[in-house]
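Take a look at the letters that make up each chain.
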Amino acid sequence: MAKNRLSKILARAGVASRRKCEDLIFAGRISVNGTIIKEPQFQVDLKKDHVCFDEKHISDFEKKVYYILNKPKGYVCSHDKERHKNLIVDLFPTKERLFTVGRLDKDTTGLLIVTNDGRLSYKVSHPKFEIEKEYLVKTDREITANDLKRIASGMTIEGTFVKPLAVSKVRKGTVKITVKEGKKHEVRLLIAQTGSEVVELTRIRIGNLRLGNQLLGSYKAISLEEIELSISQK
């Protein structure tokens, strides 16, 4: 195998997304042949070099796995066991080092892709690919026509103006919101503009990948081909 960037090698091995792997390198958590390397562009050949993440050896030939999870409330998209009690990865009795593709906050439920394939994580999560995400939102009061207009008009979050692709009322206090930017707490902030509070927030779709009737807290294996086909369709 020819030499490649350290960050690319780590992502290919399923450690995390390319961007997250760069953060791990900068944090001094990656070593090559016993030496801490803090340069993502450092060239590595896994046939000759011994690469470790937190002192655990990295295999470039780890089997890639893909799961669809109906995330339950109270679970966190993190690997930090010291800070958080309930981690998403704890729901999976598997040896692979899994991570979530993007994030849902602790109180949000619904569709989440879990994998060890860093390249897929980048493709689904990065804003430049404009993958649609659809959410079902239950609020503490009835959403009026004016509320819908206000949500649909968008707002500035973290210095960027964001506007939902679609907003529709499902029933008295429930709306569907489709976004593509993926800013932190975007849907909750859009709802807050109306003076309403979010009672339940569930992601029901990523691209054309849908949660369907999958039970809360359950997961199922899915192929890379199924995911790529779903997220490539507008």
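For the structure itself, look to the data block above.
Just so you know, these numbers come straight off a predicted model, no measurement behind them.

Engineer: Which residues make up the sheet that holds strand β6 (residues 56-57), and what are the values?
Structural biologist: Read from one edge to the other, the open sheet built from four strands follows the order β3-β2-β5-β6, with strand pairing classed as antiparallel. Each of the sheet's edge strands pairs with one partner strand only, and the pair in question is β3 (35-36) and β6. Two strands pair when backbone bridges link them, and strand β5 (residues 51-53) and β6 are joined in this way by two bridges, in the antiparallel orientation. Among the inter-strand pairings, C52 is bridged to a residue of β6, identified as H57.

Engineer: For unusual backbone geometry, give the residues involved together with the corresponding values.
Structural biologist: Positive phi, normally seen in glycine, also occurs at N33, with a value near 55 degrees. By relative accessible area, N33 is classed as partly exposed at 45%.

Engineer: Lay out the packing of aromatic side chains with the relevant residues and their values.
Structural biologist: On inspection of all chains with the given rule, the structure shows three aromatic pairs. Ring centres 5.2 Å apart and planes at 50 degrees place the aromatic pair Y67 and F92 in the tilted group. Taken together, the residues Y67 in strand β7 (residues 66-71) and F92 in the loop between β7 and β8 (99-100) connect sequence positions 25 residues apart. This pair shows no difference in class: Y67 is buried, exactly as F92 is. Geometrically, the ring pair formed by Y67 and Y219 is edge-to-face, given 5.4 Å between the ring centres and 85 degrees between the ring planes. One end of the pair, Y67, is in strand β7; the other, Y219, is in strand β17 (residues 219-221), with 152 residues separating them in the sequence. Judged by relative accessible area, Y219 falls into the partly exposed class, the value being 32%. Taken together through their ring pairs, the aromatic side chains of Y67, F92 and Y219 make up a single cluster.

Engineer: With reference to specific residues and values, describe the environment of H50.
Structural biologist: Mapped onto the fold, H50 is located in the loop between β4 (43-44) and β5. When its relative accessible area of 40% is taken as the criterion, H50 is described as partly exposed. Once the C-alpha coordinates of H50 and G110 are considered, the two residues, 60 residues apart in sequence, prove to be 39 Å apart.

Engineer: So what's going on with helix α2 (residues 18-26)? Residues and values would help.
Structural biologist: Taken together, the buried positions of α2 are C21, L24 and I25. Buried residues in α2, looked at end-on, bunch into an arc of 100 degrees, giving them a common side. Close packing links the buried residues of α2 with α1 (6-12), β2 (30-32) and β5. Two residues or fewer after α2 comes G28, characterised by a positive phi angle close to 80 degrees.

Engineer: Please give an account of the pairing of strand β14 (residues 174-179) that cites residues and values.
Structural biologist: Of all six residues making up β14, five are buried, and the element is well covered by its neighbours. Note: strand β10 (residues 133-139) against β14, six bridges, orientation antiparallel. The residue of β14 that forms the bridge with K138 is T174. In terms of strand pairing, strand β13 (residues 166-171) meets β14 through five bridges, oriented antiparallel. If you follow A166 over to β14, its bridge partner there is T178. Hairpin connection of β13 to β14: two residues between the antiparallel strands.

Engineer: Describe the pattern of salt bridges, and please don't skip the residues or the numbers.
Structural biologist: Applying the stated rule across the entire model yields 10 salt bridges. The shortest N-O distance in the salt bridge between E200 and K138 comes to 3.8 Å. Of this pair, E200 sits in strand β15 (residues 198-206) while K138 sits in strand β10; the two residues are 62 residues apart in sequence, bridging distant segments of the chain. Given a relative accessible area of 33%, K138 falls into the partly exposed group. The residue D147 makes a salt bridge to R141 at a minimum N-O spacing of 3.1 Å. Look at D147 and you get buried, because its relative accessible area is 9%. Salt bridges sharing partners connect three or more residues here, namely E132, E134, R205 and R210.

Engineer: Go over the nonpolar core, please, and point to the residues and values.
Structural biologist: Counting 26 residues, the largest nonpolar core has V137 and I177 as its most contacted members. The set of elements that each furnish at least two residues to this core consists of β7, β9 (109-115), β10, β11 (155-157), β14 and α5 (186-192). Every residue in contact with I177, bar those within four places of it in the chain, is listed here: K133, E134, Y135, V137, I151, P164, A166, V167, V187, L190 and I191. Listed in part, the 18 residues of the second largest apolar core include L10, A13, C21 and V32.

Cut-offs and rules
Residues numbered from 1 in each chain as written. Predicted model: local features only at pLDDT ≥ 70, side-chain atom pairs only at ≥ 80, totals over all residues. Heavy atoms only, no water. Pairing = 2+ DSSP bridges. Helix = DSSP H or I, 4+ residues; strand = E, 2+ residues; numbered from the N terminus. Buried < 20%, exposed > 50% of the residue type's maximum accessible area, 1.4 Å probe, protein only. Phe/Tyr/Trp six-rings, centres within 6.5 Å; stacked < 30°, edge-to-face > 60°. Arc of directions from axis to C-beta. Contact = heavy atoms within 4.5 Å. Salt bridge = Lys/Arg side-chain N within 4 Å of Asp/Glu carboxyl O. Core = buried A, V, L, I, M, F, W, Y, C linked by side-chain atoms within 4.5 Å.

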